[in-house]
Structure formats: C-alpha cells, structure tokens
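Residue-level structure breakdown
Take a look at the letters that make up each chain.
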Amino acid sequence: MNALLALPVVVPLLAAALTVIAVRLPMVQRLLTFVGVATALGASIAILVQVDRDGPQATQVGGWPVPIGITLVADLFSALMLVIGLATVLAVLAFAIGQRGDEHESAFHPVYLVMTAGVALSFLTGDLFNLFVAFEITLTASYVLITLGGTREQVRAGMTYVVINLLASFLFVAAIAFVYASTGTMNFADMADKLATLSPALQTSLSLLLLVVFGIKAAIFPLYFWLPDSYPTARTSVTAVFAGLLTKVGVYSIIRTQTLLFPDNRQTTLLLVIAGFTMVVGVLGAIAQDDMKRILSFHIVSQIGYMILGVGLFTVSGLAGAVFFVLHQIPVKASLFLVGGLVEHDAGSTKLSHVGGLVRRIPLAATLFLIAALSLAGIPPLSGFVGKLALVSAGLDAQEYAIIAVSLLVSIGTLFSMVKIWNGVFWGTPEEPTPAILAGEAVHTPALMKLATVALVGLTVAIALAAGPIYSLCERAATDLLDPTAYVTAVQG
Amino acid sequence: MTIIPALTVAVLFATGTYLILQRTLTRIILGVGLIGNGANLLLLVSAGPAGRTPLIGSGDPAGFTDPLPQALALTAIVITFGLSAFLLALAYRSWQVTHDDEVEDDIEDRRIARLRGELDPDLDALTQELEELEDVAAEPPHHTPNTGRGEP
C-alpha cells in the first residue's frame, strides 16, 4: 500500500470541490487551485524520487487484490510525465490567474483542477477501464474549458472537438469490450500475460483498435483534422495547457499499450509510416497558415510525428528519444502558446497580417519566443536538439534511413514557419494594424503573466542544461518499457 | 446465443455513423447517442451469452454471469448520459448564436481555400458570405432570424 500514488489525483479533485464552495471568493479560489496543483506536483516529485530509488511502485485502490481492484502504478516513464506535466499545468495556471478581468474565472478554477486530476490519473492508472474513466474526466473538463466563453467561434469549434472525442471514447469502450471478451481482465499487468496467449490475428486487431482510439486523442495522421480547427479558438491559457498535455496523454497511452500489452506484435512499419505523414502534413499545414496560434496548432501535430517515430523503432534508444522528446515538448509547446497570449494581450490579435514590429513593444515576449521557437525547431544547444539528436541516432542504429531524412526535412520546415512567425509578429510592419498597434504605446502586461511564461521557458532551458541526467533517466524508463518484468512484479506483488 | 445482441450493436454503430456524418446538429447528437448505446451494449455482450443467473447466493460458479462488464457498462452509461446532456446544451447555445442547426465551415479554412483557387467565384462568394456572418455575430445581441444563409 502506497498512498502517495493517489495524491496527484485526489488532491486536485478535493481542491476542485472546495473551489466550487468558494465560488464567490475569487482570491480564495485562486489560492485553492494553486495550492491544489502545487501539492499534486510535490507529490509527483516524491513519486519520481521513490521510483528512481526503488523501481516501479503500485498500490491497490480500496485494498482489493489484483486483478479485481483498480491498480495505480508509477514507473519511471509515468513519474517523469507526471512531474513535467504538472509543472506545466502550474505555470499555465499562474498565467491564467495573472490574466485579470475574466468573467468566467469562477468556473475556470474547478474545471481546470478536474482536468489536472484526469491527466494525473491517466499517467498513474494500471487498468484499461480506469484509463477510459481518466480520459473521460480529462475530456469532460476540456469540453467545458474549450467552450467557456460561449462565443460563436468557440461553440462551432467546440462542437467538432466534442463530437470527435466522443466518437473516440465510444471506440475506446468498444475496444475495452473486445479486450475483456478475449482476456477476461482489465488490469494491464494481468492482461499482458493473457494477451500473449491469443492468436496473432486477434492481437493485431486489438492493438490496431487501441492505436486508432489513442491516435485520435494524440492527433496522429490521418486522425488529426479536429486539432488545428478547435484549439486556436479557446482562450490562451486553455490552448496552452491542451497543447502541452492533452495530445501527450494520447502519446503516453500509445507508448504504454504498444510496449506493455503487445510486445510480440509490433507495428513497426505502420507506426513509422504514420510518423512520417504526421510530421510532413503538420508542418505543411503550419506553413500555409497566417495566424500565430494556428501555425503553432499545426506544429502540435507535426511534433507528435517525432514521438511516434521513436515508438515505431521499438528499440531502447528510440523509446528513450521518444520519452525525452515528449518531456521537452510539453513545456515548449505550452510556452509558445503563452507567448502567443502575451502577443494577443498587447496587440489584440495574433494574425500575422494584423500585428508586426512587436520586438520594440514587448522585447521580453520576443526573447522568450525566440528561445522556445529555436528549441522547437531543434537548434543546439536547446532541448529540441537533444531530443531530435537522440531520435536520429536511434533511427540510424535501426537503419531506418528514409524516416530520418523525412524528420530532418521537417525540422527545416519547422524552422521556416518559426521564422515566419518571427518576421510577421516581431519584425516588419503590419498590413492592417490593430487599434492597439496604431495607438503606439505598449499595453501594460500583468507581471504574473510574464513571470509564468519566463518560468515555463526556464523549464525548457533547464531540460536542455540537465539533458545528460534526464536522458539517462529516459534511457532507464525505455529499458523498463521494453522489459516490463519490474512493472508486472510491482503490480502483482 | 449472442448473435442478436451482436447484430443490434452492428446496426446501432452503422446508423449512428450515418447520422454523425450529417451536417445538422440534431442528427449528429442522435448519432452520438446511438453509437454510445451500441458501445455500451457491446460491453454487456463481452460477458458472454445472456440468460445466466446474477451473482447472488451460492451455487456452481460456472452458472453465474460475469458481473464486471455490467459494472463497466453502468459506468459507461452514466458517462454517456452526462456527455449527451452537455452536447444538447452546446447545441442549444449554437442555435442561440447562429439561429441555424447546421455546423458551419471554419472561416480560416475558407480563406486558405481561397488562396488556392483565387479564380473560383463560387468559393469566393461563400467565403464572403461567411465573413459577413462573422461580422454580424460580432455585433451586440439581436434577434434577426436566419441571416440569409440560403435554404436550411
């Protein structure tokens, strides 16, 4: 019994309940949300330390024996995801609190906390049905967050988002039914043994069905269409946390199920082809756009391709690269959207034709953008370079030259569209300037918004500085993923 | 026999998929409901053939039905119910702001499409219509009926 594992889930849920009670006290709500997320982050750091020292940890909720009860498990991969994920959630929360004058703030806090709990549960659960429940908790909260303003544009985009995700959830229920019918268990560790005895054809069908389900959530090719359409319409803080975390929960689930459940049935070629198309289509979509938030949204898709590339190799170095890449993407992506928020706050728009020359008005935002954008494009010595280097060298070891060539070309495309944002937003003169730009004076930006963005960019720089130790952690995580004996032993006691 | 539940699941999924592919929101919501029911029924079927006794009292374990899928289905039904309610509220909000039951095109997509086919007058006209609609929506609340989007 290890109660620590439940804290990242239980504390935000409890705080969410309290923020509903304190609905008329904005300061109390802010404090509760901040303390809730910070406590969850503290607990996940403690989990990481423990897992690093003693190996995978497991706890049975309610004390029911395996495989009857619900299991919470933390191995190195999930602990790393938890720490980086919750740190990003905390920084984005600070940004949202700093962005004053929001009439929906009293609804934002409880929903944001519920979403945090859902994300934490998806990383910690060791049970397929519980993973479905965790997804639903996260998604239901995200449905509310994405449509919180209730404007025409948000309702339109939110509708697409909700329907697509509901469909994915129903496919998930169907997949759960098939898995249960063929194995009679919902526990990952127990399921891994039982799936191995099934016929290869059945294994492949189940594996592909789960890949489709998580592929929709992770926005891989050809299931990504909903993402660039719906993300940019939400408010900045919401888009930032969605961009940083929600698709990565899908990637996490792909990595977890493909390595743990189907070790003898690897979809190497399929995953590599998907990875290639995801990268290329995402970056081409980004180049075509004329709005900072939309360019960045297409890049979410493009970067998912790199993670799938690492998974598709099914080698220790490939998976280590993928894990590192996910960890680096979460803060980088979120911080780019936060910079987008700073731009929007100052200039009133993120359309490249409406803004320009902002480097004089908001030099801090320009600097932060430059660091995060170069990291995204993979320029040394930033964290994106380390991640891409790891993936490329893993690809060369596995002799998958074609996909490596594609990934390098896509990097150039990424750099191109980042330069496009830089030229459009921070340099030059706008074609149709917004009223704020015509007024000349820079708009006052609350210090907390700036501080949150600085902290998140600081986290990406820290990942680059500590790349050596973090990468060796990722390597150990990847070794555990490919040889889940320790995971299974921890669960089954 | 599980053939009848299996067929029911297939029909629910097929009709639901058809309805989700329509452009009117009410049909999409009905489609989501049908697929949701199909998925939940599939969970129940995964317990094995119907007609066994529930898990009460003592007896031969093989004679009892498996209670877990029923518990899972119950959870899934509750989730489906909650989300259907949310979807209905969202559709109502959509009707409030657009006075139309149809899902609109994304205006940025339209603009990108126009870049590609600058000589296509039909596409141009549609985009302009949408841009005008966007301007109308930006104005303060009003009670204009259908804003001339053509036949509903």
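Definitions and limits used
- Along each chain, the written sequence defines residue order, and numbers are assigned to residues from 1.
- Chain labels run from A onward and ligand labels from 1 onward, assigned in the order the entries are written.
- It should be noted that, the model being predicted, local features are given only for residues of pLDDT at least 70 and side-chain atom pairs only at 80 or more, the latter also being counted only at that level, while totals for whole chains, interfaces and linings use all residues.
- Numbering of helices and strands starts at the N terminus; helices are DSSP runs of H or I of at least 4 residues and strands are runs of E of at least 2.
- Within these notes, the globule rule equals 2.2 Å times the number of residues to the 0.38 power, and the radius of gyration is based on C-alpha atoms.
- Residue burial is a threshold on neighbouring C-beta atoms within 10 Å of the residue's own C-beta, all placed from the backbone, with 20 or more meaning buried, 12 or fewer meaning exposed, and counts in between meaning partly exposed.
- By definition, residues are in contact whenever their C-beta atoms, placed on the basis of the backbone, come within 7 Å of each other.
- Note on method: axes are straight lines fitted to C-alpha atoms, helices fitted across the in-contact stretch only, with angles between N-to-C directions ranging 0 to 180 degrees.
- Oblique is the label for any angle not covered by the other classes, which are roughly parallel (under 35 degrees), roughly antiparallel (over 145) and roughly perpendicular (65 to 115).
- Here is the rule for handedness: rotate from the far helix to the near one, and if that takes an anticlockwise turn smaller than a right angle the crossing is left-handed, while a clockwise turn gives right-handed.
- Charged means Asp, Glu, Lys or Arg here, nonpolar means Ala, Val, Leu, Ile, Met, Phe, Trp, Tyr, Cys or Pro, and polar covers whatever is left, Gly included.
- To estimate the expected span of a helix, count its residues, drop one, and scale the result by 1.5 Å.
- The arc in question is the one spanned by the directions pointing from the helix axis to the C-beta atoms.
- When DSSP finds at least two bridges between two strands, those strands are taken to pair.
- Note on terminology: a nonpolar core is any set of buried Ala, Val, Leu, Ile, Met, Phe, Trp, Tyr and Cys residues joined through C-beta atoms within 7 Å.
- The predictor rates its confidence in each residue with pLDDT, a number between 0 and 100.

What about the overall build of chain A?
From N to C terminus, chain A includes 21 helices and two strands. By the compact-globule yardstick of 23 Å for 493 residues, chain A fits well, its C-alpha radius of gyration being 21 Å. By its C-alpha atoms, chain A is 70 × 55 × 40 Å across when sized along the principal axes. When the 493 residues of chain A are sorted by exposure, 63% land in the buried category. The contacts of chain A with a sequence gap of at least 6 include a subset with a gap of at least 24, amounting to 81%.

Notes on the overall build of chain B
Helix and strand counts for chain B come out as five helices and zero strands. When the helices and strands of chain B are listed from N to C terminus, the series reads α-α-α-α-α. Looking at chain B as a whole, 23% of its 152 residues qualify as buried. Sequence separation of 24 or more characterises 52% of the internal contacts of chain B that already satisfy a separation of 6 or more.

Focus: unusual backbone geometry
All names here are of chain A. Geometrically, the link from Phe221 to Pro222 is a cis peptide bond, its omega value of -5° lying close to zero. Looking at where Pro222 falls in the secondary structure, it is placed in the loop between α8 (200-218) and α9 (226-230). Here the bond from Pro380 into Pro381 is cis, since omega is 5°, no more than 30 degrees from zero. Here Pro381 is to be found in the loop between α15 (363-377) and α16 (383-397). A positive phi angle is found at Phe314, which is not glycine, with a value near 55°. Mapped onto the fold, Phe314 is located in the loop between α12 (292-313) and α13 (316-347).

With respect to the packing of helix α10 (residues 236-260) of chain A against α12 of chain A
Residue and element names in this part refer to chain A. The interhelical angle for the contact between α10 and α12, taken along N-to-C directions, is 20°, at an axis separation of 11 Å. Judged by the angle between their axes, α10 and α12 are roughly parallel. α12 is crossed by α10, and the crossing has right-handed handedness. Contact with α10, carried on its side by Thr239, Ala243, Thr247, Val251, Ile254, Ile255 and Gln258, involves Lys293, Ile300, Ile304, Met307 and Val311 of α12 and no other residues of that element. Taken together, the residues that form the contact of α10 with α12 break down as eight nonpolar, three polar and one charged.

Description of helix α1 (residues 3-20) of chain B
Residues and elements named next belong to chain B. The end-to-end C-alpha separation of α1 is 26 Å, in line with the 26 Å expected for 18 residues at 1.5 Å each. Within the span of α1, buried status applies to Val9, Leu12, Phe13 and Gly16. Within α1, the buried residues cover an arc of 95° as seen down the axis, which keeps them to one side. In α1, those exposed residues whose orientation departs by more than 90 degrees from the buried face are Ile3, Ile4, Leu7, Ala10, Val11 and Tyr18. The inward-facing, buried residues of α1 contact α2 (25-45).

Describing the pairing of strand β1 (residues 57-60) of chain A
All names here are of chain A. Judged by which residues are buried, β1 turns out to be covered on both faces: Gln57 and Thr59 on one side and Ala58 and Gln60 on the other are all buried. When β1 meets strand β2 (residues 71-74), the two strands line up antiparallel, connected through four bridges. Along β2, the bridge assignment pairs Gln57 with Ala74.

A short note on α12 of chain A
The first and last C-alpha atoms of α12 of chain A sit 33 Å apart over 22 residues, in line with the 32 Å expected at 1.5 Å per residue. Just downstream of α12 of chain A lies Phe314 of chain A, where phi reads positive at about 55°.

What about the nonpolar core?
Within the largest apolar cluster, 222 residues are counted, with the highest numbers of intra-cluster contacts made by Leu80, Ile176 and Val323 of chain A. Other than its neighbours up to four places away in sequence, Val323 of chain A contacts Phe77, Leu80, Cys474, Ala477 and Ala478 of chain A.

Some details on the environment of Gln60 of chain A
Residue placement: Gln60 of chain A occurs in strand β1. The spacing of Gln60 of chain A and Gln492 of chain A is 432 residues in sequence and 9.8 Å in space, taken between C-alpha atoms.

What about the packing of helix α6 (residues 152-183) of chain A against α2 of chain B?
Direction vectors running N to C along α6 of chain A and α2 of chain B enclose 15°, while the axes themselves pass 8 Å from each other. In terms of axis orientation, α6 of chain A runs roughly parallel to α2 of chain B. Helix-helix and strand crossings are classified by hand; for α6 of chain A and α2 of chain B the assignment is left-handed. Within the contact between the two elements, α6 of chain A uses Val163, Leu166, Leu167, Phe170, Val173, Ala174, Ile176 and Ala177 of chain A and α2 of chain B uses Ile28, Val32, Ile35, Gly36, Ala39, Asn40, Leu42, Leu43 and Val45 of chain B. When the residues that make up the contact of α6 of chain A with α2 of chain B are grouped by side-chain class, the tally is 15 nonpolar, two polar and no charged.

Structural notes on the interface of chain B and chain A
Listed by partner, the interface residues are 31 residues for chain B and 27 residues for chain A. Of all elements in the fold, only α2, α3 (67-98) and α4 (107-116) of chain B reach the threshold of two or more residues within the side of chain B that touches chain A. Ranked by the residues each element gives to the side of chain B that touches chain A, the list is headed by α3 of chain B, at 14 residues. Residues of the side of chain B that touches chain A, tallied by class, amount to 20 nonpolar, seven polar and four charged.

Description of the confidence of the model for chain B
Residue and element names in this part refer to chain B. For chain B, mean pLDDT is 77; residues scoring 70 or higher make up 69% of the total. Ranking the elements of chain B by mean pLDDT puts helix α5 (residues 121-138) last with 63 and α1 first with 93. For this predicted complex, the interface score ipTM comes out at 0.85, alongside a pTM of 0.90.

Side note on the environment of Ile255 of chain A
All names here are of chain A. Take Ile255: it is sitting in helix α10. Taking the number of C-beta atoms within 10 Å as the measure of exposure, Ile255 has 25 and is therefore buried. Each C-alpha atom of the pair Ile255 and Phe277 lies 18 Å from the other, and the pair is 22 residues apart in sequence. Once you skip the residues sitting within four places of it in the chain, Ile255 turns out to touch Val311, Ala322 and Leu481.

Examining the environment of Phe34 of chain A
Inspection of the secondary structure assignment puts Phe34 of chain A in helix α2 (residues 26-54). Taking the C-alpha atoms as reference points, Phe34 of chain A and Ala91 of chain A, separated by 57 residues in sequence, lie 9.7 Å from one another.

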